[in-house]
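Chain and residue survey
Single-letter residue listing:
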Amino acid sequence: MNLHIKSKLVSIHHKMDILDDDDQPVYHVSGKPISLHDKTHITDLDGNEIASIHAKAVSIHHKYFVDMADGASFELSEQLFHIKDIIDIPELGWQLRGSILAFEFQIVDAQERVLATAHRHIVSLHGVYDIKILDESQIEKLLAVFVVINHIIVNRETAEASSSAPPSANA
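Residues numbered from 1 in each chain as written. Predicted model: local features only at pLDDT ≥ 70, side-chain atom pairs only at ≥ 80, totals over all residues. Heavy atoms only, no water.

Topic: the overall build of the chain
- Within the chain one finds 1 helix and 12 strands.
- By the burial criterion, 37% of the 171 residues in the chain qualify as buried.
- Within the chain, contacts between residues separated by at least 24 positions form 32% of all contacts whose residues are at least 6 apart in sequence.
- Total accessible area computed for the chain in this model is approximately 9,600 Å², and 54% of it derives from carbon and sulfur atoms. (Helix = DSSP H or I, 4+ residues; strand = E, 2+ residues; numbered from the N terminus. Buried < 20%, exposed > 50% of the residue type's maximum accessible area, 1.4 Å probe, protein only. Contact = heavy atoms within 4.5 Å. Areas by Shrake-Rupley, 256 points an atom, 1.4 Å probe, with all protein chains shown as cover.)

Examining the environment of I18
- Within the element layout of this structure, I18 appears in strand β2 (residues 16-19).
- I18 has contacts with L3, H4, I5, Q24, P25, V26, Y27, V29 and L143, leaving out every residue within four places of it along the chain.

Points about the pairing of strand β11 (residues 114-120)
- Pairing geometry for strand β10 (residues 104-108) and β11, over 4 bridges, is antiparallel. Paired with Q106 across the two strands is T117, which belongs to β11.
- Linking two consecutive strands that pair antiparallel, namely β10 and β11, is a turn of 5 residues; a positive phi of about 70 degrees is found at E112 within it. (Pairing = 2+ DSSP bridges.)

So, the pattern of salt bridges
- Within the structure shown, the criterion is met by 4 salt bridges.
- Of the charged contacts, one joins E75 and K63 as a salt bridge, the two residues approaching to 3.4 Å between their closest N and O atoms. Taken together, the positions of E75 in strand β7 (residues 73-80) and K63 in strand β6 (residues 63-68) put the pair 12 residues apart, joining distant regions of the chain.
- Accessibility expressed as a relative area gives 23% for K63, which makes it partly exposed.
- Residues R97 and E112 are paired through a salt bridge, measuring 2.8 Å at the closest nitrogen-oxygen approach. Of this pair, R97 sits in strand β9 (residues 94-99) while E112 sits in the loop between β10 and β11; the two residues are 15 residues apart in sequence, bridging distant segments of the chain. (Salt bridge = Lys/Arg side-chain N within 4 Å of Asp/Glu carboxyl O.)

What to know about unusual backbone geometry
- With phi around 60 degrees, D23 is a residue other than glycine that occupies positive phi space.
- Here D23 shows up in the loop between β2 and β3 (25-31).
- D23 sits in the partly exposed class, given a relative accessible area of 43%.
- If you check the backbone angles, E112 has positive phi at about 70 degrees while not being a glycine.

Set out below in structure tokens:
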């Protein structure tokens, strides 16, 4: 199954749509405009919550907690290496491998089976991410992982932009 995440160019509510191949919404993602814990909700088209995501308030690495509507829960925490990013999801026995900032990665299970792959459109007015779900029985958990990765990308890009900004004249 192929899906696309399309984020709004400017949105204080962190809204995104998850679309099918016909560009029809399948899921909605929304977050609170100002939130210490970066709370985000994934819902189906009827408004039923699929997952709730929140970030650890203070952490050296980005750490996110995911609570699924079916009662499952897991966390994602960055483990940065030299060239490639690796994120373990021990509660699920999954590992994300590839380049997070480039949104070019795959999610594999403990048996090294690829569950999903991700690709970012380089030229796009919106953030458009292609997701190929290879194990459709895990679609909702996989979508929650992709939403968390989108948060990590935004946080990294924001941190890099603020660290490269010239010093203030008032400093």
